[in-house]
Amino acid sequence: MEGGAYGAGKAGGAFDPYTLVRQPHTILRVVSWVFSIVVFGSIVNEGYLNSPSESEEFCIYNRNPNACGYGVTVGVLAFLTCLLYLALDVYFPQISSVKDRKKAVLSDIGVSAFWAFLWFVGFCYLANQWQVSKPQDNLLNEGTDAARAAIAFSFLSIFTWSLTAALAVRRFKDLTFQEEYSTLFPTSAQP
């Protein structure tokens, strides 16, 4: 990508899907999006069990409805956040204000770091509740693969969101330097 401000080419550039798909932060966002679908889909689909002796469903994670609720909530909100930032990535080349581009990159850093933290909390919470679950609550081992998948993809989501934050920090630093360089050495002064 040619030099621009805060991670984009020249302002007002046309949308190029090939360039968008090849960017590492876009790839990580799509992977994070898929991971969030797996987490909340696993819990919604197989995270609640029925017992013949009880009339209501219960959460597979130690009968703790808060664990299932946390996993579903974080998964759905991460899904929506990924969609929002994918839309921002598409719109980013059309942002002409350097201040607005800076705000977009800074928000990407903050939001990605925040989601990495939420996934860390979710992984710890789900893994702990799964560890203390009683075998007699699930004699047929129904939904155990889905419960383990939600825990595993919560763990993997920590890394995808952390890498997204790190890439945003690197993009911010690299392109801030480019902006300062172009201010100190304007193109009209170069031979």
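Everything below is about the structure shown above.
Fair warning: this is a prediction, and the values are worked out from it, not measured in the lab.

Caption draft 1: Fine view of the packing of aromatic side chains. All chains considered together, the criterion is met by 9 aromatic pairs. Taking 6.1 Å as the distance between ring centres and 70° as the angle between the ring planes, the aromatic pair formed by Phe114 and Trp115 counts as edge-to-face. Residues Phe123 and Phe155 carry aromatic rings whose centres are separated by 5.0 Å and whose planes lie at 50° to one another, so their mutual orientation is tilted. Taken together, the residues Phe123 in helix H4 (residues 98-131) and Phe155 in helix H5 (residues 144-184) connect sequence positions 32 residues apart. These aromatic residues form a ring-pair network of at least three members: Trp33, Phe40 and Phe79. A cation sits over an aromatic face here: Arg63 above Phe58, 3.8 Å from the ring centre.

Caption draft 2: Structural view of helix H3 (residues 65-91). Taking 1.5 Å per residue as the helical rise, H3 with its 27 residues ought to reach 39 Å, and the 39 Å between its terminal C-alpha atoms agrees with that figure. The opening residue of H3, the one whose side-chain oxygen lies 2.9 Å from the backbone nitrogen of Asn66, is Asn64.

Cut-offs and rules
- Residues numbered from 1 in each chain as written.
- Predicted model: local features only at pLDDT ≥ 70, side-chain atom pairs only at ≥ 80, totals over all residues.
- Heavy atoms only, no water.
- Phe/Tyr/Trp six-rings, centres within 6.5 Å; stacked < 30°, edge-to-face > 60°.
- Helix = DSSP H or I, 4+ residues; strand = E, 2+ residues; numbered from the N terminus.
- Lys NZ or Arg CZ within 6 Å of the ring centre and 35° of its normal.
- Expected span 1.5 Å × (residues − 1).
- Polar contact = N/O pair within 3.5 Å; in protein donor to acceptor, adjacent residues only side chain to side chain.

Note that every value here comes from positions in space, so none of it alone points to a role or purpose.
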